[in-house]
Amino acid sequence: MEAVCLNSQPIFGEGDQYEDEGDCSMLEHGDEAHEMQLKKEFLPPTVGLEFESFDEAYDFYNVYAKGQGFGIRVSNSWFRSKRRERYRAKLSCSSAGFKKKSDANNPRPETRTGCPAMVIIKLVEAKRWRIVEVELDHNHPVSPEVKRFYKSHKKMFLAAKKGQQSEPIKEIHTIKLYRTAVVDAICNGHSKTDERVDRIPTNHSKHLELKEGDAPAVYNFFCRMKLTNPNFFYLMDLDDEGHLNNVFFADARSRIAYNYFSDTVTIDTTSLTSKFEIPLISFVGINHHGQSVLLGCGFLGHESVEYFVWMFRAWLTCMQGRQPQVIVTDQSKPLHIAVSEVFPQARHCYCLSYIMHRVPEKLGGLTGFETIKRQLNKAVYDSLKISEFENFWAEMINQHSLTDNKWLRLLYADRQRWVPVYLKDISFVGILPINETEGSSAFFDGYVHKHTSFKEFLDKYDLALQRKHLKEAVEDFESRNSSFELKTRSNFELQLSKVYTKEVFKKCQIEVEGMYSCFNTKQVNSDGPIMTFVVKERKEVEGNDKEVKHYEVLYEATQIEVRCICSLFNFKGFLCRHALSVLNYNGVEEIPLQYILSRWSMDYKRNFPLDAGFGDADVDSPLQWYNHLFRRSLQLLEEGAQSQEHYQAVMCELDTLLTKFSLVDKRFM
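Looking at an unreviewed UniProt entry, the chain carries the name Protein FAR1-RELATED SEQUENCE, with the source organism given as Sesamum alatum. The annotation that UniProt attaches to the chain under Function (unreviewed entry) is "Putative transcription activator involved in regulating light control of development." The chain has a UniProt comment under Subcellular location (unreviewed entry) that states "Nucleus".

Structure representation (structure tokens):
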């Protein structure tokens with residue numbers, strides 16, 4: 001199992017492989033400069049740290065103690081009576097407790113002070129030792145400047161001397177936080193995915209600007225998450241001088257969510273472009289309620305191609321090499337290059353709301369700004385055909401002499417990545433706004449502001465995810481246990497109410513009601529089985545005025561296929577009022593099943609085909625075992641959350657299995 005070393009070389013090694021552990025050793029020499037370096041690198045013991053053996057845990061605390069200027073000893077041990085196997089131990093400062101009173105004529109003076117400093121370690125699953133309790137404060141002065149040689153340090157010296165007679169003495173200082181089996185297999189080159197993490201040349205002058213208290217906050221956050229969230233994944237990118245360039249992390253909830261909602265992903269870099277104190281980058285998807293769901297996040301040290309590539313590959317590794325179908329980002333050249341390199345199979349688009357949000361900043365100083373803004377909105381949001389957009393755009397440019405405006409020229413050059421009329425063949429499942437009233441909010445809105453520190457964000461991270469997860473759970477419950485109010489007599493509305501989650505049904509309901517604003521549906525052309533209809537709709541414009549717009553709808557009678565020129569189905573994932581009007585005109589009483597997306601259904605997670613691709617799993621591959629078990633367990637999770645009866649049944653069976661595998665020791669429950 002690979003260890004993540006917190007003071008190691010950069011995570012990604014040569015030859016498209018991960019480095020095994022990096023250089024986690026520190027040479028002990030007499031010069032003062034190296035002594036100062038040692039003091040900087042001694043990491044304090046933290047609850048959650050795990051080690052491969054008791055000796056390794058002892059050595060770690062011993063190295064830390066030497067760096068602080070005190071010795072240690074094993075003050076207490078617990079053993080299993082039958083096998084005399086140690087399962088718990090207390091490592092204390094050498095000044096802990098007090099010596100027994102002696103009857104000798106000249107007893108030695110008391111040197112102990114009852115010092116409380118200690119760590120308690122416990123044997124956990126897979127024969128690893130975990131720190132479960134820590135006390136760092138001493139009741140006596142300690143200083144690395146005091147040249148006192150404690151017995152525990154002598155053991156370290158002799159062990160090093162015995163192991164390396166002809167080489168410099170080394171203090172091995174490896175901090176190991178264990179990841180899950182699937183990550184270990186990927187990191188050790190056992191993954192069958194085609195995506196590997198290369199060594200990425202980074203600019204050593206660019207790294208995360210950590211203020212006082214930020215580094216311990218990041219360190220403690222990862223320790224805490226690994227202790228409470230076993231499927232928590234993280235990677236750190238450090239330069240050769242130990243500076244932290246980038247960090248990526250995803251908790252179990254995000255990794256599970258990606259199994260369901262990996263079709264369309266937004267990479268949110270708002271904190272970078274807005275120059276927030278924390279350079280947060282978030283990977284966000286859309287769940288079956290139309291809510292945003294976190295799929296991982298990280299801190300980026302510099303907005304460069306190399307750093308974005310590192311972040312994207314870390315995310316892809318976390319998600320077992322499974323690429324999204326569509327990626328939406330801000331308009332940025334480094335982002336574009338990095339996405340093209342790491343996600344060559346995905347469709348890459350720019351977020352419309354990000355671009356339109358910059359209009360006042362980029363064009364606000366121009367003469368006639370309000371008119372320019374109105375014309376730009378008309379070109380972007382009201383164009384049903386590419387020719388209409390081109391005409392509206394040219395009219396705006398020529399009328400206001402904007403030919404030399406660099407920002408508008410760049411937007412026009414990239415128009416096929418952000419203007420809706422060019423994106424009608426892409427499925428966005430609602431992640432892309434298509435009218436002026438829509439906007440997009442960051443996943444961490446309300447939790448992150450311009451001056452939020454690293455520590456403050458990490459303190460709020462779990463709270464934010466818990467609240468989002470609770471909101472999804474509430475929506476799941478209400479969707480399954482509530483009857484939806486019908487507002488029309490349409491069979492379409494009744495059909496959708498039986499399938500979709502509450503929030504998605506409400507959006508579909510608006511389209512069903514909107515059929516009543518459509519009129520004069522008429523066939524205008526026929527080409528074999530494909531017929532062309534025109535549907536008129538009265539739409540409100542500025543003030544109380546209304547205008548009539550014409551929408552072309554293609555209808556194929558044999559397969560009952562329908563497509564409207566507005567392409568709402570591709571943008572949002574449900575049929576528009578114009579397509580529904582044509583279906584109704586042709587006597588179709590129910591929406592064809594190909595237009596009922598399972599990702600919006602209230603039972604989507606329960607029916608999701610998680611076993612896809614595992615029919616021929618390698619029976620000798622632990623990675624395949626893990627993947628298969630993980631995916632099947634998600635189905636069990638969904639079933640167990642259906643009711644209290646299901647929950648109790650699942651818990652009972654799990655307890656039985658864990659007991660069978662000797663993972664539950666009832667003596668310590």
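After that view, the rundown keeps rolling.
Engineer: Any chance you could break down the overall build of the chain for me, citing the residues and the numbers?
Structural biologist: In terms of regular secondary structure, the chain is built from 22 helices and 20 strands. Pairs at least 24 apart in sequence give 63% of the contacts found in the chain among residues at least 6 apart. Looking at the chain as shown, the accessible area adds up to about 34500 Å², and 50% of this sits on carbon and sulfur atoms.

Engineer: With reference to specific residues and values, describe the side chain of K572.
Structural biologist: Among the structural elements, K572 can be located in helix α18 (residues 568-572). Judged by relative accessible area, K572 falls into the buried class, the value being 11%. Polar contacts involving the side chain of K572 include one to the main-chain carbonyl oxygen of L432, which spans 3.5 Å. When near neighbours in sequence (up to four residues on either side) are disregarded, K572 contacts V429, G430, L432, P433, I434, E438 and W600.

Engineer: An account of a nonpolar patch on the surface is requested, with residue identities and associated values reported.
Structural biologist: On the surface, a cluster of nonpolar side chains totalling about 630 Å² of accessible area is made up of L636, Y647, M651, L654, L657, L658 and F661. No other element matches the 5 residues that helix α22 (residues 644-660) contributes to the nonpolar patch. Looking at where Y647 falls in the secondary structure, it is placed in helix α22. Look at Y647 and you get partly exposed, because its relative accessible area is 47%.

Engineer: Residue-level account of the packing of aromatic side chains, with values.
Structural biologist: For the structure shown, the criterion picks out 41 aromatic pairs. Ring centres 5.3 Å apart and planes at 80° place the aromatic pair Y258 and W315 in the edge-to-face group. Pair noted here: Y258 is in helix α6 (residues 252-260) and W315 is in helix α8 (residues 305-318), with a separation of 57 residues, a long-range link. What makes Y258 buried here is its relative accessible area of 2%. Through pairs of rings, three or more aromatic residues link up here, namely F221, F222, F232, Y234, F249, F299, F443, F444, F454, F457 and Y461. R86 extends its terminal NZ or CZ atom over the ring of F54, reaching a point 4.0 Å from the ring centre. The lysine or arginine in question, R538, covers the ring of F519, its NZ or CZ lying 4.3 Å from the ring centre.

Engineer: Which residues make up the confidence of the model for the chain, and what are the values?
Structural biologist: In this model, the chain carries a mean pLDDT of 80, and residues with pLDDT of at least 70 account for 77%. Confidence drops under a pLDDT of 50 for residues 612-617, and excluding neighbours within four residues, the segment shows 5 contacts in the predicted structure. Across residues 664-669, where pLDDT falls below 50, the model places 8 contacts with residues more than four positions away in sequence or in other chains.

Engineer: Can you tell me about the sheet that holds strand β5 (residues 85-93), naming the residues and giving the values?
Structural biologist: The strand order across the open sheet formed by 5 strands is β3-β7-β6-β5-β4, and the pairing between neighbours is antiparallel. Looking along the sheet, the strands with just one partner apiece sit at the ends: β3 (50-51) and β4 (72-80). Along the sheet, helix α2 (residues 54-68) contacts β3, β4, β5, β6 (118-124) and β7 (128-135); its crossing angle with β5, the most-contacted strand, is approximately 5°.

Engineer: Account for the nonpolar core, naming residues and giving values.
Structural biologist: For soluble globular proteins, nonpolar side chains are generally found buried alongside one another. Counting 73 residues, the largest nonpolar core has W393, W418 and F428 as the members making the most contacts within it. In terms of residue count, the dominant contributor to this core is helix α12 (residues 369-381) (6 residues). Among the nonpolar cores identified, the runner-up in size contains 36 residues, and V265, I281, L335 and A346 belong to it.

Engineer: Which residues make up the pairing of β5, and what values go with them?
Structural biologist: When β4 meets β5, the two strands line up antiparallel, connected through 8 bridges. For W78, the partnering residue across the bridge sits in β5 and is R88.

Engineer: Give a description of the side chain of S271 that names residues and reports values.
Structural biologist: With respect to the helices and strands, S271 occurs in helix α7 (residues 270-273). Look at S271 and you get buried, because its relative accessible area is 9%.

Engineer: How would you sum up the pattern of salt bridges? Please name residues and give values.
Structural biologist: Going through the model one piece at a time under the given rule, you end up with 20 salt bridges. The salt bridge involving R480 is made with D603; its shortest N-O contact spans 4.0 Å. In this pair, R480 sits in helix α15 (residues 454-481) while D603 sits in the loop between α19 (577-585) and α20 (604-607), placing the two residues 123 residues apart along the sequence.

Engineer: Break down helix α5 (residues 214-228) for me, citing the residues and quoting the values.
Structural biologist: An ideal rise of 1.5 Å per residue puts 21 Å on 15 residues; α5 measures up with 21 Å between its terminal C-alpha atoms. Residues of α5 that are buried: D214, A217, V218, Y219, F221, F222, C223, M225 and K226.

Engineer: With reference to specific residues and values, describe the packing of α12 against helix α13 (residues 386-399).
Structural biologist: Contact geometry for α12 and α13: axes closest at 8 Å, N-to-C directions at 165°. Overall, the two elements α12 and α13 adopt an arrangement that is roughly antiparallel. In this structure, α12 meets α13 at a crossing whose hand is left-handed. Seen from α12, the contacting residues are T371, I372, Q375, L376, K378, A379 and V380; seen from α13, they are F389, F392, W393, E395, M396 and Q399.

Engineer: Residue-level account of the sheet that holds strand β20 (residues 561-564), with values.
Structural biologist: Sheets are built from strands that pair by backbone hydrogen bonding, the pairs being arranged parallel or antiparallel. Spatially, β17-β18-β19-β20 is the arrangement adopted by the 4 strands of the open sheet, whose pairing is antiparallel. The outermost strands of the open sheet, each flanked by one partner alone, are β17 (518-527) and β20. Neighbour-to-neighbour, the strand axes of this sheet turn through a mean angle of 25°, independent of strand direction. Note that strand β19 (residues 546-556) and β20 share 4 bridges and pair antiparallel. Residue pairing in the sheet places V553 in a bridge with C564 of β20. Against the sheet, α19 makes contact with β17, β18 (530-540), β19 and β20, and its axis sits at roughly 130° relative to β18, the strand it touches most.

Engineer: I'd like a rundown of helix α9 (residues 333-342), residues and numbers included.
Structural biologist: Listed in full, the buried residues belonging to α9 are L335, A338, V339 and V342. The buried residues of α9 occupy one face: seen down the axis, they fall within an arc of 100°. Against α8, β15 (326-329) and β16 (347-350) lie the buried residues of α9.

Engineer: I'd love a proper account of the environment of D382, names of residues and values included.
Structural biologist: Within the secondary structure layout, D382 lies in the loop between α12 and α13. Its relative accessible area of 35% is what places D382 among the partly exposed residues. Between the alpha carbons of D382 and V421 there is a distance of 9.0 Å; along the sequence they are 39 residues apart. Each residue touching D382, except ones within four places of it in the same chain, is listed here: N377, E388 and K549.

Engineer: An account of the state of the cysteines is requested, with residue identities and associated values reported.
Structural biologist: If you walk through the whole model with that rule in mind, you get 0 disulfides. Cysteine C518 is unpaired, with the sulfur of C576 as its nearest cysteine sulfur at 8.0 Å.

Cut-off values and rules
- Residues numbered from 1 in each chain as written.
- Predicted model: local features only at pLDDT ≥ 70, side-chain atom pairs only at ≥ 80, totals over all residues.
- Heavy atoms only, no water.
- UniProt positions renumbered as here; feature names shortened; annotations may be inferred.
- Helix = DSSP H or I, 4+ residues; strand = E, 2+ residues; numbered from the N terminus.
- Contact = heavy atoms within 4.5 Å.
- Areas by Shrake-Rupley, 256 points an atom, 1.4 Å probe, with all protein chains shown as cover.
- Buried < 20%, exposed > 50% of the residue type's maximum accessible area, 1.4 Å probe, protein only.
- Polar contact = N/O pair within 3.5 Å; in protein donor to acceptor, adjacent residues only side chain to side chain.
- Patch = residues over 30% accessible without salt bridge, like charges linked within 9 Å, V, L, I, M, F, W, Y side chains within 5 Å.
- Salt bridge = Lys/Arg side-chain N within 4 Å of Asp/Glu carboxyl O.
- Phe/Tyr/Trp six-rings, centres within 6.5 Å; stacked < 30°, edge-to-face > 60°.
- Lys NZ or Arg CZ within 6 Å of the ring centre and 35° of its normal.
- pLDDT = per-residue confidence, 0-100.
- Pairing = 2+ DSSP bridges.
- Axes fitted to C-alpha atoms, helices over the stretch in contact; angles between N-to-C directions.
- Core = buried A, V, L, I, M, F, W, Y, C linked by side-chain atoms within 4.5 Å.
- Expected span 1.5 Å × (residues − 1).
- Parallel < 35°, antiparallel > 145°, perpendicular 65-115°, else oblique.
- Left-handed = near helix turned anticlockwise from the far one by under 90°.
- Arc of directions from axis to C-beta.
- Disulfide = S-S within 2.5 Å.

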